[in-house]
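Residue strings, one per chain:
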Amino acid sequence: MYFGKESSEKKSDRVPPNQIVTKKWPVLHYGNVPYYEDMNEWDLRLFGHVEEDVRLTYEEIMDLPQTERKNDIHCVTGWSKLDNRWEGIATQEFVKKVNVLPEANYVIIHAEEGWTTNLPMEDFLKETSMLAHSHDGKTLTPEHGYPLRAVVPHLYFWKSAKWVRGIEFLADNKPGFWERNGYHMLGRPWKEERFSWD
Ligand SMILES: Nc1nc2c(c(=O)[nH]1)N[C@H]1C(S)=C(S)[C@@H](COP(=O)(O)O)O[C@H]1N2
Ligand SMILES: [Mo]
């Protein structure tokens, strides 16, 4: 009998400890879902430890080089969703648009309503990190982060901010919204870094 790579692959190789796979895609966030009437009023700000702040319009972002990534996502509340196909722009493309100062070692992603999350520059700029506008071939719904959400699949999914409006570059690490409320500063699922005391 032939077992292809897929079928012989143990589920435990794909699913971090104490996570349960879901086929559905739960909607999870704090606060309100934004609905945009006029995308001319939308922008993305790159600021903080940079030579000069940059403001990108929705059009300018959609003109950046596009990439497609397939990955698994892991929410700290215990669900994982496998084989997501995202389309968007690699985070590495955004740092090309701004002169980030050498002492910038951390990033805070700013979302609507002042929601934030922090991560090291290295994790933000990882090959697999992106700002996505589509999932499984469809434009993101408002609930899942339209027009633009972060996708940082190697960290728990709370680091993947929905409704991104700004990237702030920092010299020192500073907790974001959930991190101030006890969540881990890094949040690696394979190490079960759920809370700051883990
Ligand atoms: N702006 C914003 N982004 C957010 C959150 C939030 O509360 N606000 N919650 C995070 C959490 S905890 C998870 S699990 C994912 C959920 O994304 P989904 O609703 O598309 O599944 O969004 C993350 N991004
Ligand atoms: Mo989450």
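Each remark here, short or long, concerns the structure printed above.
Every value quoted in this text rests on a predicted model; they were computed, and no experiment measured them.

Conventions used here
- Residues numbered from 1 in each chain as written.
- Chains lettered and ligands numbered in written order.
- Predicted model: local features only at pLDDT ≥ 70, side-chain atom pairs only at ≥ 80, totals over all residues.
- Heavy atoms only, no water.
- Core = buried A, V, L, I, M, F, W, Y, C linked by side-chain atoms within 4.5 Å.
- Buried < 20%, exposed > 50% of the residue type's maximum accessible area, 1.4 Å probe, protein only.
- Helix = DSSP H or I, 4+ residues; strand = E, 2+ residues; numbered from the N terminus.
- 1 Å grid on protein atoms, 1.4 Å probe; cavity = no way out; pocket = protein on both sides within 12 Å on 5 of 7 lines; lining within 4 Å.
- Points joined across faces, edges and corners; volume = space filled by probe spheres on them.
- Nonpolar A, V, L, I, M, F, W, Y, C, P; charged D, E, K, R; others polar.
- Near = heavy atom within 4 Å.
- Polar contact = N/O pair within 3.5 Å; in protein donor to acceptor, adjacent residues only side chain to side chain.
- Areas by Shrake-Rupley, 256 points an atom, 1.4 Å probe, with all protein chains shown as cover.
- Pairing = 2+ DSSP bridges.
- Axes fitted to C-alpha atoms, helices over the stretch in contact; angles between N-to-C directions.
- Contact = heavy atoms within 4.5 Å.
- Salt bridge = Lys/Arg side-chain N within 4 Å of Asp/Glu carboxyl O.

Novice: Can you walk me through the nonpolar core in this structure?
Specialist: One recurring pattern in soluble globular proteins: nonpolar side chains tend to sit buried together. Leu44, Ile109 and Phe169 are the most contacted members of the largest nonpolar core, which totals 31 residues. Mapped by element, the contributors of at least two residues to this core are strand 2 (43–48), helix 3 (91–95), strand 6 (106–111), helix 4 (121–124) and strand 11 (164–170). Counting residues in hydrophobic clusters, the runner-up holds 10 residues, among them Ile73, Trp79, Val151 and Phe157.

Novice: Explain the layout of surface pockets here, please?
Specialist: To find leftover empty space, one rolls a probe the size of a water molecule over the atoms. Considering only enclosed or pocket space, the largest pocket measures out at about 360 Å³ in volume. Around the largest pocket, the lining is made up of 25 residues, and of these Leu28, His29, Trp115, Trp158 and Trp178 lie nearest the centre. In terms of residue class, the lining of the largest pocket is built from 16 nonpolar, five polar and four charged.

Novice: Hey, could you run me through the site of ligand 1 in this one?
Specialist: Lining the immediate surroundings of ligand 1 are 18 residues, of which Pro26, Tyr30, His144, Arg149 and Lys162 lie closest. Here Pro26 contributes a backbone N or O atom positioned 2.7 Å from an oxygen atom of ligand 1. In the model, an oxygen atom of ligand 1 is placed 2.6 Å from a nitrogen or oxygen of the His144 side chain. Burial of ligand 1 by the protein chains amounts to 98% of its free accessible area of 530 Å².

Novice: What is the right way to read the sheet that holds strand 6 from this model?
Specialist: Picture the strands of a sheet paired through backbone hydrogen bonds; they go either parallel or antiparallel. Taken in spatial order, the five strands of this open sheet run 3-2-11-6-7, and their pairing is mixed. Of all the strands in the sheet, just strand 3 (54–57) and strand 7 (116–120) have a single pairing partner and so form its edges. Strand-to-strand twist in this sheet, taken as the mean axis angle between neighbours without regard to direction, amounts to 15°.

Novice: Just to check I follow, could you spell out the environment of Met185 for this structure?
Specialist: Structurally, the position occupied by Met185 is in the segment after helix 5 (177–180). The exposure class assigned to Met185 is partly exposed, which follows from its relative accessible area of 29%. Taking C-alpha positions, Met185 is 22 Å from Pro102, a pair spaced 83 residues apart along the chain. Once you skip the residues sitting within four places of it in the chain, Met185 turns out to touch Asn118, Lys159, Asn173, Lys174, Pro175 and Glu179.

Novice: Any chance you could explain the pattern of salt bridges here in plain terms?
Specialist: Pairing between side chains of opposite charge can happen when the charged atoms of each approach one another. For the structure on display, the rule yields 12 salt bridges. A salt bridge links Arg165 to Asp43; the shortest N-O distance between them is 2.9 Å. One end of the pair, Arg165, is in strand 11; the other, Asp43, is in strand 2, and 122 residues separate them in sequence. Here Glu93 and Lys96 are joined by a salt bridge, their closest N and O atoms 3.2 Å apart. Salt bridges sharing common partners tie together Asp43, Arg55, Glu112 and Arg165.

Novice: Help me understand the pairing of strand 6 in this model?
Specialist: The side chains of a regular strand alternate between both faces of the sheet. In this structure, strand 6 lies alongside strand 7, joined through five bridges in antiparallel fashion. Residue pairing across strands places Tyr106 opposite Pro120, the latter belonging to strand 7. Hairpin connection, strand 6 to strand 7: the antiparallel pair is bridged by four residues, and Glu113 has positive phi, about 60°. Two elements, strand 6 and strand 11, share six bridges in a ladder whose sense is antiparallel. Residue pairing for strand 11: Val107 is matched across the bridge by Phe169.

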